[in-house]
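Structure assessment
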Amino acid sequence: MPKIRAATVAEHRQLQQAALLDAARVLLAEGGREALNFGALAARTGLARSSVYEYFRSKSELVEALCTVDLPLWAAEIEAGMAACDGAAERIEAYVRGQLALAADPVHRAVVAVAEFELDDAARARIRAAHTGLTAMVVRTLEELGHSRPVVAASLLQGVVEAAVRQIERSREAADASEIADTAVRFALDGLGPGAAAADTAPVGTDSGSGSAGSGQG
């Protein structure tokens, strides 16, 4: 039995679990999904391989624990960034840039990727539930921008973010990631503006700013 390094057995188990999760993050960051196995975890933490199973019965259970701990923290970072902004448009930008910054983090990228392979539908549903507060904040922000269907707009906004994440993953270049982030923000703000639909559908020849000014000079 491993030497107890805490005041109680319960505290010892908490410390060991935390150490295993830390080791899992390092393995995922360094080698991706293929690097995460119980033998490597044992080597990283100084435990026997059989001892790892005393804390997590399977890789899926380990990954679920990682997601349960880390994803809400990452969501809280984004929410804090949004809360620090004064205006609605600035909060939308913080929402987009916050998620794209996380997508560039190797640990976040690896945890999300491995979760897709290791977790069942029920586990993924529990993890998605942790993000409901963040989604609600986006909906409130879109309401401030004047949207009549802010829930739909929030879903479309998330689609923009996820598309940008895929583009960044394909590129792997920091300069490209910055440009993709800027493009996603512009797309989100321009496409989600409450007057965008009206402007796009205005009949040709109507009074719409510079266009009408130009025709007046003819």
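Each residue is numbered by its place in its chain's sequence as written, counting from 1. Given that the model is predicted, a residue must reach a pLDDT of at least 70 before its local features are reported, and side-chain atom pairs must reach 80 or more before they are shown or counted; all residues, however, enter totals for whole chains, interfaces and linings. Where side-chain values are given, they derive from all heavy atoms of the structure, hydrogens and water being excluded.

**Remarks on the packing of helix H1 (residues 9-31) against helix H4 (residues 59-83)**
For helices, the fitted line uses only the C-alpha atoms of the stretch in contact; every axis is such a line through C-alpha atoms, and the angle between N-to-C directions lies from 0 to 180 degrees. By definition, any uninterrupted DSSP run of H or I lasting at least four residues is a helix, any uninterrupted run of E lasting at least two residues is a strand, and each is numbered from the N terminus. With their axes 10 Å apart at the nearest point, H1 and H4 run at an angle of 95 degrees to one another. Comparing their axes, H4 and H1 come out roughly perpendicular. In this structure, H1 contributes Leu21, Ala24, Arg25 and Leu28 to the contact, and H4 contributes Leu62, Ala65, Leu66, Val69 and Asp70. For classification purposes, angles smaller than 35 degrees are called roughly parallel, those larger than 145 roughly antiparallel, those between 65 and 115 roughly perpendicular, and all remaining angles oblique. Should any heavy atoms of two residues lie within 4.5 Å, those residues are considered in contact.

**Considerations on the confidence of the model for the protein**
On a range of 0 to 100, pLDDT expresses the predictor's confidence in each residue. Overall, the prediction assigns the protein a mean pLDDT of 80, with 82% of residues at 70 or greater. Highest mean pLDDT in the protein belongs to helix H2 (residues 38-45) (94); lowest belongs to helix H12 (residues 210-216) (39). Scored below 50 in pLDDT, residues 195-218 makes four contacts in the model with residues more than four places away or belonging to other chains.

**Thoughts on helix H5 (residues 88-104)**
Taking 1.5 Å of rise per residue, 17 residues should cover 24 Å, and H5 covers 25 Å from first to last C-alpha, within 8% of that figure. Of all the positions in H5, only Ala88, Arg91, Ile92, Ala94, Tyr95, Val96, Gly98, Gln99, Leu100, Leu102 and Ala103 are classed as buried. Multiplying 1.5 Å by the helix residue count minus one yields the expected span of that helix. Only protein chains enter the area calculation, which uses a 1.4 Å probe; residues under 20% of their type maximum are buried, those over 50% are exposed, and those in between are partly exposed.

**Considering helix H6 (residues 106-118)**
An ideal rise of 1.5 Å per residue puts 18 Å on 13 residues; H6 measures up with 18 Å between its terminal C-alpha atoms. Burial in H6 covers these residues: Val107, His108, Ala110, Val111, Val114 and Ala115. All buried residues of H6 lie within an arc of 165 degrees about the axis, which places them on one face of the element. Turned more than 90 degrees from where H6 packs its buried face, Glu116 and Phe117 sit exposed. Buried positions along H6 lie against H1, H4, H5 and helix H7 (121-129). Definition of a polar contact: a pair of N or O atoms within 3.5 Å, with one able to donate and the other able to accept a hydrogen when the atoms are protein atoms, and with sequence-neighbouring residues admitted only if both atoms are side-chain atoms. With a side-chain oxygen lying 3.1 Å from the backbone nitrogen of Val107, the N-terminal cap of H6 falls on Asp105. To be clear, the arc concerns the directions from the helix axis to the C-beta atoms.

**A look at the pattern of salt bridges**
By convention in these notes, a salt bridge is any Lys or Arg side-chain nitrogen within 4 Å of a carboxyl oxygen on Asp or Glu. What the rule picks out here adds up to ten salt bridges. Where Glu61 meets Arg57, a salt bridge forms, and the shortest distance between an N and an O atom there is 2.8 Å. Taking the relative accessible area as the measure of exposure, Glu61 reaches 24% and is therefore partly exposed. A network of salt bridges, in which partner residues are shared, links Asp22, Arg25 and Asp70.

**A look at the nonpolar core**
Buried Ala, Val, Leu, Ile, Met, Phe, Trp, Tyr and Cys residues form a nonpolar core when they are joined through side-chain atoms within 4.5 Å. By size, the foremost hydrophobic cluster in this structure holds 58 residues, and its most contacted members are Leu41, Tyr95, Val96 and Leu100. The biggest single contributor to this core is H4, with nine residues. With near-sequence residues (within four places) excluded, Leu41 lies in contact with Leu20, Ala23, Ala24, Leu27, Leu36, Val52 and Leu62.

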